[in-house]
Amino acid sequence: MTEDASDNSPPPRRKVHVLGRAIHLPHSRPLRITIGSSLIVLGTFGFLPVLGFWMIPLGALVLSQDVAWARRRRRRMSVWWEKRRRRKGGPQG
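Quick look at the structure, then. (Residues numbered from 1 in each chain as written. Predicted model: local features only at pLDDT ≥ 70, side-chain atom pairs only at ≥ 80, totals over all residues. Heavy atoms only, no water.)

1. Focus: helix H2 (residues 55-63)
Phase 1 of the analysis: Within H2, the full set of buried residues consists of Met55, Gly59, Leu61, Val62 and Leu63.
Phase 2 of the analysis: The inward-facing, buried residues of H2 contact strand E1 (15-18), helix H1 (29-43) and helix H3 (68-87). (Buried < 20%, exposed > 50% of the residue type's maximum accessible area, 1.4 Å probe, protein only. Helix = DSSP H or I, 4+ residues; strand = E, 2+ residues; numbered from the N terminus. Contact = heavy atoms within 4.5 Å.)

2. Focus: the pairing of E1
Phase 1 of the analysis: With 4 bridges joining them, E1 and strand E2 (residues 21-24) adopt antiparallel strand pairing. Note that in E2 the partner of valine 16 across the bridge is isoleucine 23.
Phase 2 of the analysis: Remark: 2 residues form the turn of the hairpin made by E1 and E2, two consecutive strands paired antiparallel; leucine 19 in that turn has positive phi of roughly 50°. (Pairing = 2+ DSSP bridges.)

3. Focus on the nonpolar core
Phase 1 of the analysis: The biggest cluster of nonpolar side chains holds 6 residues, and these are Val16, Leu25, Leu39, Met55, Leu61 and Val62.
Phase 2 of the analysis: Considering each element in turn, this core owes the most residues, 3 residues, to H2.
Phase 3 of the analysis: Setting aside residues up to four positions removed in sequence, methionine 55 forms contacts with Leu39, Ile40, Leu42 and Gly43. (Core = buried A, V, L, I, M, F, W, Y, C linked by side-chain atoms within 4.5 Å.)

4. Here we look at a positive patch on the surface
Phase 1 of the analysis: On the surface, Arg14, Arg71, Arg72, Arg73, Arg74, Arg75 and Arg76 cluster together to form a positively charged patch.
Phase 2 of the analysis: Mapping arginine 72 onto the fold places it in helix H3. (Patch = residues over 30% accessible without salt bridge, like charges linked within 9 Å, V, L, I, M, F, W, Y side chains within 5 Å. Areas by Shrake-Rupley, 256 points an atom, 1.4 Å probe, with all protein chains shown as cover. Salt bridge = Lys/Arg side-chain N within 4 Å of Asp/Glu carboxyl O. Lys, Arg positive; Asp, Glu negative; His and termini not counted. Charge placed at Lys NZ, Arg CZ, Asp CG, Glu CD.)

5. Focus: a nonpolar patch on the surface
Phase 1 of the analysis: On the surface, a nonpolar cluster with roughly 650 Å² of combined accessible area is contributed by Val41, Leu42, Phe45, Phe47, Leu48, Phe53 and Ile56.
Phase 2 of the analysis: With respect to the helices and strands, isoleucine 56 occurs in helix H2.

6. Describing the packing of aromatic side chains
The geometry of an aromatic ring pair comes down to the distance between the two centres and the angle between the two planes.
Phase 1 of the analysis: The tally for this structure, following the rule as stated, stands at 2 aromatic pairs.
Phase 2 of the analysis: Their ring planes at 65° and their centres at 6.5 Å tell us that phenylalanine 45 and phenylalanine 47 sit as a pair that is edge-to-face.
Phase 3 of the analysis: When its relative accessible area of 62% is taken as the criterion, phenylalanine 47 is described as exposed.
Phase 4 of the analysis: Judged by centre distance (5.9 Å) and plane angle (55°), the ring pair of tryptophan 80 and tryptophan 81 falls under tilted.
Phase 5 of the analysis: Tryptophan 81 sits in the partly exposed class, given a relative accessible area of 46%. (Phe/Tyr/Trp six-rings, centres within 6.5 Å; stacked < 30°, edge-to-face > 60°.)

7. Overview of the layout of surface pockets
Phase 1 of the analysis: Taken as a whole, the largest pocket spans an internal volume of roughly 480 Å³.
Phase 2 of the analysis: Lining the largest pocket we find 16 residues, and of these Leu61, Arg74, Arg75, Met77 and Ser78 sit closest to its centre.
Phase 3 of the analysis: Counting residues per element, the lining of the largest pocket draws most heavily on H3, which supplies 9 residues.
Phase 4 of the analysis: Among the residues making up the lining of the largest pocket, the classes are represented as 8 nonpolar, 3 polar and 5 charged.
Phase 5 of the analysis: Approximately 200 Å³ is the volume found for the second largest pocket.
Phase 6 of the analysis: Every residue lining the second largest pocket is listed: His17, Val18, Leu19, Pro57, Leu58 and Leu61.
Phase 7 of the analysis: For the lining of the second largest pocket, the secondary-structure elements that each account for two or more residues are E1 and H2.
Phase 8 of the analysis: Among the elements that take part in the lining of the second largest pocket, H2 stands out by supplying 3 residues, more than any other.
Phase 9 of the analysis: Of the residues that constitute the lining of the second largest pocket, the class distribution is 5 nonpolar, 1 polar and no charged. (1 Å grid on protein atoms, 1.4 Å probe; cavity = no way out; pocket = protein on both sides within 12 Å on 5 of 7 lines; lining within 4 Å. Points joined across faces, edges and corners; volume = space filled by probe spheres on them. Nonpolar A, V, L, I, M, F, W, Y, C, P; charged D, E, K, R; others polar.)

Bear in mind that shape data such as this cannot, by itself, settle questions of function.
Okay, here's the thing in C-alpha cells:
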C-alpha cells in the first residue's frame, strides 16, 4: 500500500471556538490539560484583580478537548443551548 503525501503532514491544530473566534491550542496533550486546569484553579481566585471567574468556563472548554467528562458536559450544554435558541425563535446560524 502506498502512502499519500498527506499522511506525512502533521495533524491539524485543535481549536476552541469562543464568541465566533477560533483560538488555536498547543499540539501537546499534557500542555493543554495543564493550561485548562490552571485556568480553572486560577479562576477560583476571581475576586482578585487580573484573575477572573471568566477563566473557569474557558478552562473547562480547553479541557473538553482531551478529557471525556468535560467533553460530555460541553456537548450537553451546546445541545441545550441550541434547543433553547430554536424554541425562542432566535436567529439561525
